[in-house]
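# Structure at a glance
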Amino acid sequence: MTIYGEDANFSRNSGHVPVMCREVISSLNCKQKGVFVDCTFGAGGHSKAILESNTGNRVIALDKDTDAVESAKAGMSAYRERFSIVKAGFETLGDVLNSLKIRQVNGFIFDLGMSSMQVDSASRGFSFRFDSELDMRFDSRAGETAADFLNSADEKELSRVFSEYGEEPRSPALARAVIARRIKSPLKTTKDLIALIERIKGLKRNRIHPATKIFQALRIHVNDELESLKAGLSQAFRCLETGGRIAAISFHSLEDRIVKQYFAYLSKKCVCPPGQPICTCDKEEEALVFKLIKPTEEEVKDNPRSRSAKLRVIEKIKNKGGKDAA
Ligand SMILES: C[S@@+](CC[C@H](N)C(=O)[O-])C[C@H]1O[C@@H](n2cnc3c(N)ncnc32)[C@H](O)[C@@H]1O
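Each value, and the rule that gives it
Positions within a chain are numbered from 1, following the residues in the order the chain's sequence is written. Predicted model: local features are reported for residues with pLDDT of at least 70 only, side-chain atom pairs are reported and counted for 80 or more only, and whole-chain, interface and lining totals are derived from all residues. A run of H or I in DSSP counts as a helix once it spans at least four residues, and a run of E counts as a strand once it spans at least two, with each numbered from the N terminus. With the radius of gyration taken over C-alpha atoms, the globule rule is written as 2.2 Å times the number of residues to the power 0.38. Two residues qualify as a contact pair if the distance between their C-beta atoms, derived from the backbone, is within 7 Å. The exposure label follows from counting other C-beta atoms within 10 Å of a residue's C-beta, where the C-beta atoms are placed from the backbone and the thresholds are 20 or more for buried and 12 or fewer for exposed, leaving partly exposed in between. Pairing between two strands requires that DSSP report at least two bridges joining them. Angles shown run from 0 to 180 degrees and are taken between the N-to-C directions of axes, each axis being a line fitted to C-alpha atoms and, for helices, limited to the stretch in contact. The scheme is simple: roughly parallel for angles under 35 degrees, roughly antiparallel for over 145, roughly perpendicular for 65 to 115, oblique for anything else. For any helix crossing, the convention is left-handed if the near helix is rotated counterclockwise from the far helix by under a right angle, and right-handed if that rotation is clockwise. Nonpolar cores are built from buried Ala, Val, Leu, Ile, Met, Phe, Trp, Tyr and Cys residues. These are joined into a set through C-beta atoms within 7 Å. To decide nearness, the C-beta atom of each residue is placed from the backbone, and the residue is near a molecule or strand if that atom lies within 6 Å of it. Put simply, Ala, Val, Leu, Ile, Met, Phe, Trp, Tyr, Cys and Pro go in the nonpolar bin, Asp, Glu, Lys and Arg in the charged bin, and everything else, Gly too, in the polar bin. The domain boundaries here were taken from an automatic or database domain assignment. The predictor attaches a confidence to each residue, called pLDDT, with possible values from 0 through 100.

Regarding its fold elements, the protein chain presents 13 helices and eight strands. Computed over the C-alpha atoms, the radius of gyration of the protein chain is 21 Å, within 12% of the 20 Å expected from 2.2 N^0.38 for a compact globule of 326 residues. Here the contacts in the protein chain between residues at least 6 apart in sequence split such that 68% fall between residues at least 24 apart.

Here's what the structure looks like:
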């Protein structure tokens, strides 16, 4: 784990527009002085807005992407003593906060998925707009790439990933085609994969590119996004102060379902099976769930990337030991 912060200096501009920024700031009560964790720094739009909301606010940011972390070291120098960034996955949030000796957090923001810098990069393999190596890792220094996976997984596993993470109806046929193709030569580039998908699914006929679902599936798999999200949310809730809040912005139904179900679980006083006469679950922590927030029409017009965004927010109202919010 690498921690950066104090000696930051800046160099980069970003093209990423933070989604539902105003709503995040008001949902997390950022006007009140506090300690906030930006679990997905990206280009730092949310971090900056939190720091600007109150000059006493402190932000600890995380990102897996080396480029994002390097740009933060440079770009956040104006906030040096109130801001620090750690190159780490939010699935390790508990360890990161422990190592920084942060005991009480007032708010967490998770802005899931890819940044504009990642999707607009011609070399990271996230987009089918460019011909590049099939990488797709948020942390391009760790783990298997999309190409590694496509060239080594068996047919059943390929089909499962395409179907579970891409909800792709042609998953079995696509998995078979990947196996047949790689016997001749390994799949290396986005162009190789797109050609294969177009052969099975046909050429683009509507607004959605035929490769969209498979690219989503591979990205989710390579970055273990859904398991990371579950781990990140539960560690955030554990580290949250009573009265503190978590805001999570998701961009597709798989991640939104995880956020929604976990928040619903947290909101329950008791999680014993229905009909059980005596409560044995000993659930102590509890949260209040706020109404789902979506971007305004105006925001979607200005920033089309926000169109599928859903913001869910909870407040911790009871901590371990049954301590109520003051
Ligand atoms: C949508 S962008 C965040 C944009 C940011 N809120 C802003 O305003 O610029 C998502 C970022 O989260 C990062 N990311 C995705 N999964 C992560 C994880 N498990 N841990 C840490 N960072 C992650 C990605 O590398 C990407 O930079």
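Moving on, we get to the pairing of strand 5 (residues 105–111). For a regular strand, side chains alternate in direction, first toward one face of the sheet and then toward the other. The element strand 5 is largely enclosed, with a buried count of seven among its seven residues. Pairing between strand 5 and strand 6 (residues 240–250): six bridges, direction parallel. Bridge pairing in strand 6 places Phe108 opposite Ile246.

The subject of this paragraph is the packing of helix 8 (residues 171–184) against helix 9 (residues 190–201). Relative to each other, helix 8 and helix 9 sit at 130 degrees, their axes nearing to 10 Å. Taken together, the axes of helix 8 and helix 9 lie oblique to each other. In the crossing of helix 8 with helix 9, the sense of the turn from one axis to the other is right-handed. Listed contacts from helix 9 to Ala173, Leu174, Ala177, Val178 and Arg181 of helix 8 are Leu196, Ile197, Arg199 and Ile200.

Counting residues in each nonpolar core, the largest one holds 53 residues, and the members touching the most others are Cys39, Leu62, Phe108, Phe110, Ile246, Ala247 and Ile249. Apart from residues lying up to four places away in sequence, Ile246 is in contact with Phe108, Ala236, Phe237, Leu240, Val313 and Ile314. Ranked by size, the runner-up nonpolar core spans 25 residues in total, among them Met114, Ala146, Phe149 and Ala217.

Moving on: the site of the ligand. Neighbouring the ligand are 22 residues, the closest being Pro18, Thr40, Gly42, Ala43 and Gly45. Those elements that place two or more of their residues in the shell around the ligand are helix 2 (45–53) and strand 3 (58–63). Taken together, the residues of the shell around the ligand break down into seven nonpolar, 10 polar and five charged.

A few words now on the domain arrangement of the protein chain. Looking at the protein chain, the domain boundaries give domain 1 (2–117 + 225–318) and domain 2 (140–222). The C-alpha centroid of domain 2 is placed 30 Å from the C-alpha centroid of domain 1. Each side of the interface is counted separately: domain 1 has five residues, and domain 2 has five residues. Counted by class, the side of domain 1 that touches domain 2 contains two nonpolar, two polar and one charged residues.

Attention now moves to the pairing of strand 6. Counting buried residues along strand 6, eight of its 11 residues qualify, which places the element largely inside the surrounding structure. Bridge count for strand 6 against strand 8 (residues 310–318) is six bridges, and the pairing is antiparallel. For Ala247, the partnering residue across the bridge sits in strand 8 and is Val313.

Not every positive phi belongs to a glycine, and Lys101 is a case in point at roughly 60 degrees. For Lys101, the location among the structural elements is in the loop between helix 4 (93–99) and strand 5. A count of 6 C-beta atoms within 10 Å places Lys101 in the exposed class. Here the phi dihedral of Glu167 falls at roughly 50 degrees; this positive angle occurs in a residue that is not glycine. Here Glu167 shows up in the loop between helix 7 (155–166) and helix 8. By C-beta crowding, Glu167 is classed as partly exposed, having 14 other C-beta atoms within 10 Å.

The pLDDT averaged across the protein chain works out to 90; a share of 93% of its residues lies at or above 70. With pLDDT under 50 throughout, residues 1–13 is counted as low confidence; its partners more than four residues away or in other chains account for 29 contacts.

What follows covers the packing of helix 11 (residues 225–239) against helix 12 (residues 253–267). Here helix 11 crosses helix 12 at 30 degrees, and the two axes come no closer than 10 Å. If you check the angle between helix 11 and helix 12, you find them roughly parallel. The interaxial crossing formed by helix 11 with helix 12 has right-handed handedness. Of helix 12, the residues touching helix 11 (which contributes Glu225, Leu226, Leu229, Lys230, Leu233 and Phe237) are Leu254, Glu255, Ile258, Val259, Tyr262 and Leu266. Along the lines of polarity and charge, the residues of the contact of helix 11 with helix 12 split into nine nonpolar, no polar and three charged.

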